[in-house]
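Given next are the chains, with one letter for each unit.
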Amino acid sequence: MIRKEAGLAFWLDWVEHRGGLWEDAGGTALALLPAALASELELPEETAVTAAPDVAREDGALLLVTGHPVVAKAAENVLAAGDTGTLTLTAPRSLPPDAATLLSKAREYLPVDHGRLDPRADATPERALRPVMRVGALVSYELSAEDHFQEQAEVFVDVPSRLRVSASVSERLARTGHDPCAGTALPAGLAAAVDYASTSRPALAAALAEAHRMLEAGAELRRDGLAGQIGDAHAKERARAEEYYAAAVDSLQRRATTAPEDRAALLRARIESTREERARRLAEIAEKYRARHTLTPYRLHLLRVPVLRLALDVRRGERRYPLDLDWLLPAGEFAPLRCPACDRSGAQLVAAKTHLGCARCLAPKRPTPQPAPVSVPPPRDGADAHTAASTAAPVRADTSVAARNVQAAADGASPLSGSEAKAGRTAETSPARASSRSTSRRATPGRAPSPPQRRSSDPRTLNKRAVAFWEHAAAGDRRKLERLCVPDSPAAALLRLYSAAGPLYGIGVGSRERVESCSVAVFPAEGRRGWDGAGGEVHTDRGDRDYLLRWAPGPAPLIAEVLPFQTPYAMNAATMMARYRTRGTRPTVPRLPRPGAGLDPVAHLLWQHTPARHGAHLTARALASWWRLTDPEALWEHYPAAVLAAAAERSTCYWSGVGAGGYGDAARLWKVPEADLRKAGTHLQRLLKLTRDQPW
């Protein structure tokens, strides 16, 4: 009864931990404090405490609730002392799964492209202990001079993989009791915990650094959300200050225009001082509402989790790559696994011919087009300036044409012009015909060659791939969809967000709609910036949805984008309308569901705000560009998450040619300083190198 109030219950537990005793007397509790503790708290050794104000007034007991100085002092004592040590969790009493069941679960949990999981010869599941780090911290938020909050944050990090354990597994590990027979007293400090757990010091240090980064990222995300709740107060106070100083300056200026010269000089000096005072006041307001947070770590537990270690081989033909998986017995799930090649997570494993990797590190590298070696002599005397400027301009050639020109130069033949790359033709010409055509189409002195055209793929191939794409999406086959999409593209970003349902969500198909059929119309590439496309409608049981698939240029046609338009002309018209959309109006877009994959703070902000402003396709572009960064942690150290999200959205809008591509508009929309946004945008552009052809 007495332990209903959280503050009083915590204080009683703390007193008992410090060697005191307490007895429940109904509405009050009689606490017997040791002499040292009573002197520290400045309380009698026998103290009656309660959480009910009426009982405190009638019986003269000490009212202890959350926020009382005695409770706060106990909390500070606990935080200062910390909670460190090593715990060995108990294994469940139920029978563990056998080897065949574990193998089937492993194949379901970890599908491998171009390979399969097989048990290693003469290897049975063995019992072992896997280290998992539990880190807790008190997060103090300072949103303004008056608004202060404190929250508890906790993460579970798997030490070998340095990955965050899922929420369901964390709850089960937190509920699991420890084995009292596994060790004696808990070691104090990290060094003793390292030796006790038989875990290498670098692995523990790396896992601890990753846990700190996760806590910081979560605190930044929470801080930005709390700061947005008091954004109106900041805007109102700033508006009041600006209105006051604007009226004061206006009054002084009107008086200065009619005052004598000596009086006007004094008024002009007062105007300058008023403007300086306005700048100081606005800086004070900005500093008053600047959100901050601090982390106070108080818990560091090294959990030794009992596991069943399954020794497997990833087979590709006769090749075998060893792989060990740990089945967490208290949680009933496999431990997280990183890619053994690139040390990344979140990507599907791929069995290559030389080693075991993931879909990111083993993705085919996109060839970089090289300009064709075109020799153009300088213009003759009398040639106009326009011709000279056109001749000096760089010439971009198609990749296939450049490769043929290099080969022709090596054979001693003349290079071919880019115009020979006819759209839709892939057959090679005969040597004699190629020689005659190359001779007749050499560059003319004083005349620049025509801009090269992108070669289109076979329309029948694009038609089949479009139909297969929507069939796999309707069937929920993510593996086959990933084979059809370009890695690190907007289409791949949709798959990462929502798995196989991502393309359907991208064109507005709801989670409860059932896909029945689709129509396809192929749009070959036209012009230097043309993209192969296929558009039409996806027919569901609740209506029709327009779509447009865009293929990236290259030898193998892979889908780069999934857009909610039926034709490229409709996409261009929507882009033009977005560019001239009046301020305050927003496009009508369907609400995206909550993603199943874990998002970092920047990606979470982009998913939260960008779809309602610009649609799912621009959100996918912004996320694809952000996830293309190899080291986003370096940016988190210099810029807040809101600034990075605003910079990523602004860059995507700017290079996509839609509205809201200016720094000022983005700063007002995201409520971030424009100077910080410009620095972050410049930094992102230097890393991503976005262009009009690839705005992600």
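On a predicted model such as this, the values are computed, not experimentally measured, just so you know.

Caption draft 1: Broad picture of the pattern of salt bridges. For the structure shown, the criterion picks out 39 salt bridges. For arginine 613, the salt bridge is made with glutamate 649, and the minimal N-O distance between the two is 3.5 Å. Placement of arginine 613 in helix 19 (residues 601–614) and of glutamate 649 in helix 22 (residues 641–656) is noted, with a sequence separation of 36 residues between them. Accessibility assignment for this pair places arginine 613 and glutamate 649 in one class, buried. One connected set of salt bridges, linked through shared partners, spans Glu146, Glu237, Arg281, Glu284 and Lys288.

Caption draft 2: Region of the structure containing a nonpolar patch on the surface. A contiguous nonpolar surface patch, about 260 Å² in accessible area, is contributed by Leu21, Leu30 and Leu32. On the secondary structure map, leucine 21 appears in strand 1 (residues 21–24). For leucine 21, a relative accessible area of 56% gives the class exposed.

Caption draft 3: The packing of aromatic side chains, seen in detail. Following the criterion strictly, the structure yields 7 aromatic pairs and no others. Here the aromatic rings of phenylalanine 469 and tryptophan 470 are separated by 5.1 Å at their centres, their planes lie at 80°, and the arrangement is edge-to-face. With a centroid separation of 5.0 Å and 80° between ring planes, the pair formed by tyrosine 654 and tryptophan 655 is classed as edge-to-face. Overall, tyrosine 654 belongs to the partly exposed group, its relative accessible area being 36%. Over the face of the ring belonging to tryptophan 627 we find arginine 496, whose NZ or CZ atom lies 4.0 Å from the ring centre. Lying over the aromatic face of tyrosine 654, arginine 692 brings its terminal NZ or CZ to 5.1 Å of the ring centre.

Caption draft 4: Focus on the sheet that holds strand 6 (residues 112–113). With respect to topology, 3 strands assemble into an open sheet ordered 6-14-15, the strand pairing being mixed. The sheet is open, and its two edges are formed by strand 6 and strand 15 (356–358), each paired on a single side. The sheet contact formed by strand 6 and strand 14 (residues 349–351) spans 2 bridges and is parallel. Along strand 14, the bridge assignment pairs valine 112 with leucine 349.

Caption draft 5: Layout of unusual backbone geometry. Its identity is not glycine, yet lysine 671 carries a phi of approximately 60°, on the positive side. With respect to the helices and strands, the residue lysine 671 is situated in the loop between helix 23 (663–670) and helix 24 (674–688). With relative accessibility at 61%, the residue lysine 671 sits in the exposed group. Even without being glycine, lysine 689 reaches a positive phi, approximately 55°. Take lysine 689: it is sitting in the segment after helix 24.

Caption draft 6: Region of the structure containing the confidence of the model for the protein. Of the residues in the protein, 79% reach a pLDDT of 70 or more, and the chain-wide mean stands at 78. Predicted confidence for residues 184–198 stays below pLDDT 50, and this span has 28 contacts to residues more than four positions away or in other chains. Contacts for the low-pLDDT stretch residues 368–454, under 50 throughout, to residues beyond four places or in other chains number 78 contacts.

Caption draft 7: Broad picture of the nonpolar core. Core analysis: the largest hydrophobic core is formed by 44 residues, its most contacted members being Val602, Trp626, Leu644, Val672, Leu677 and Leu684. Contributions of two or more residues to this core are made by helix 16 (490–498), strand 20 (558–563), helix 19, helix 20 (616–627), helix 21 (632–636), helix 22, helix 23 and helix 24. The dominant element in this core, judged by the number of residues it contributes, is helix 22, at 8 residues. Residues in contact with leucine 677, not counting those within four places in the same chain, are Val643, Ala646, Ala647, Tyr663, Ala666, Ala667 and Val672. Counting 25 residues, the second largest nonpolar core, distinct from the first, contains Ala153, Met214, Ala241 and Leu300.

Caption draft 8: A look at the packing of helix 19 against helix 22. Where helix 19 contacts helix 22, the two axes come as close as 9 Å, and the packing angle between them is 45°. Between helix 19 and helix 22, the crossing angle belongs to the class labelled oblique. Here helix 19 runs over helix 22; the crossing is right-handed. Mapping the contact onto sequence places Pro601, Val602, Leu605, Leu606, Thr610, Arg613 and His614 in helix 19 and Ala641, Ala642, Leu644, Ala645, Ala648, Glu649 and Cys653 in helix 22.

Caption draft 9: Representation of the side chain of threonine 652 within the structure. Positionally, threonine 652 belongs in helix 22. Look at threonine 652 and you get buried, because its relative accessible area is 1%.

Caption draft 10: A look at the sheet that holds strand 2 (residues 29–32). Spatially, the 4 strands line up as an open sheet ordered 1-2-3-4, and their pairing is mixed. Both edges of this open sheet fall to strand 1 and strand 4 (62–63), since each of them pairs with a single strand only. Pairing of strand 2 with strand 3 (residues 46–50), which is carried by 4 bridges, proceeds in the antiparallel orientation. Bridging across to strand 3, alanine 31 finds its partner in threonine 47.

Caption draft 11: Here's a closer look at the pairing of strand 12 (residues 319–328). Where strand 11 (residues 292–316) and strand 12 come together, 10 bridges link them in antiparallel fashion. From the neighbouring strand, leucine 308 faces strand 12, where its bridge partner is tryptophan 327. Joining the antiparallel neighbours strand 11 and strand 12 is a turn of 2 residues, in which glycine 317 adopts a positive phi near 65°. Bridging between strand 12 and strand 13 (residues 333–334) involves 2 bridges; their strand directions are antiparallel. In the strand pairing of strand 13, leucine 328 is matched with glutamate 333. In this structure, the hairpin formed by strand 12 and strand 13 is closed by a connection of 4 residues, where glycine 332 is found at a positive phi of approximately 70°.

Caption draft 12: Examining helix 19 more closely. Along its 14 residues, helix 19 runs 20 Å from first to last C-alpha, staying within 8% of the 20 Å computed at 1.5 Å per residue. Maximum bend of helix 19: about 30°, positioned at glutamine 608, with proline proline 611 one to four residues after it. Of the positions making up helix 19, those classed as buried are Pro601, Val602, Ala603, His604, Leu605, Leu606, Trp607, Thr610, Pro611, Arg613 and His614. Looking at the packing, one finds that the buried side of helix 19 touches helix 8 (201–229), helix 16, helix 20, helix 21, helix 22 and helix 23. Where helix 19 starts, the residue carrying a side-chain oxygen 3.1 Å from the main-chain nitrogen of valine 602 turns out to be aspartate 600. One or two positions beyond helix 19, positive phi appears at glycine 615, with a value near 95°.

The rules behind each value
Residues numbered from 1 in each chain as written. Predicted model: local features only at pLDDT ≥ 70, side-chain atom pairs only at ≥ 80, totals over all residues. Heavy atoms only, no water. Salt bridge = Lys/Arg side-chain N within 4 Å of Asp/Glu carboxyl O. Helix = DSSP H or I, 4+ residues; strand = E, 2+ residues; numbered from the N terminus. Buried < 20%, exposed > 50% of the residue type's maximum accessible area, 1.4 Å probe, protein only. Patch = residues over 30% accessible without salt bridge, like charges linked within 9 Å, V, L, I, M, F, W, Y side chains within 5 Å. Areas by Shrake-Rupley, 256 points an atom, 1.4 Å probe, with all protein chains shown as cover. Phe/Tyr/Trp six-rings, centres within 6.5 Å; stacked < 30°, edge-to-face > 60°. Lys NZ or Arg CZ within 6 Å of the ring centre and 35° of its normal. Pairing = 2+ DSSP bridges. pLDDT = per-residue confidence, 0-100. Contact = heavy atoms within 4.5 Å. Core = buried A, V, L, I, M, F, W, Y, C linked by side-chain atoms within 4.5 Å. Axes fitted to C-alpha atoms, helices over the stretch in contact; angles between N-to-C directions. Parallel < 35°, antiparallel > 145°, perpendicular 65-115°, else oblique. Left-handed = near helix turned anticlockwise from the far one by under 90°. Expected span 1.5 Å × (residues − 1). Bend = angle between axes of the 7 residues up to and from the residue. Polar contact = N/O pair within 3.5 Å; in protein donor to acceptor, adjacent residues only side chain to side chain.

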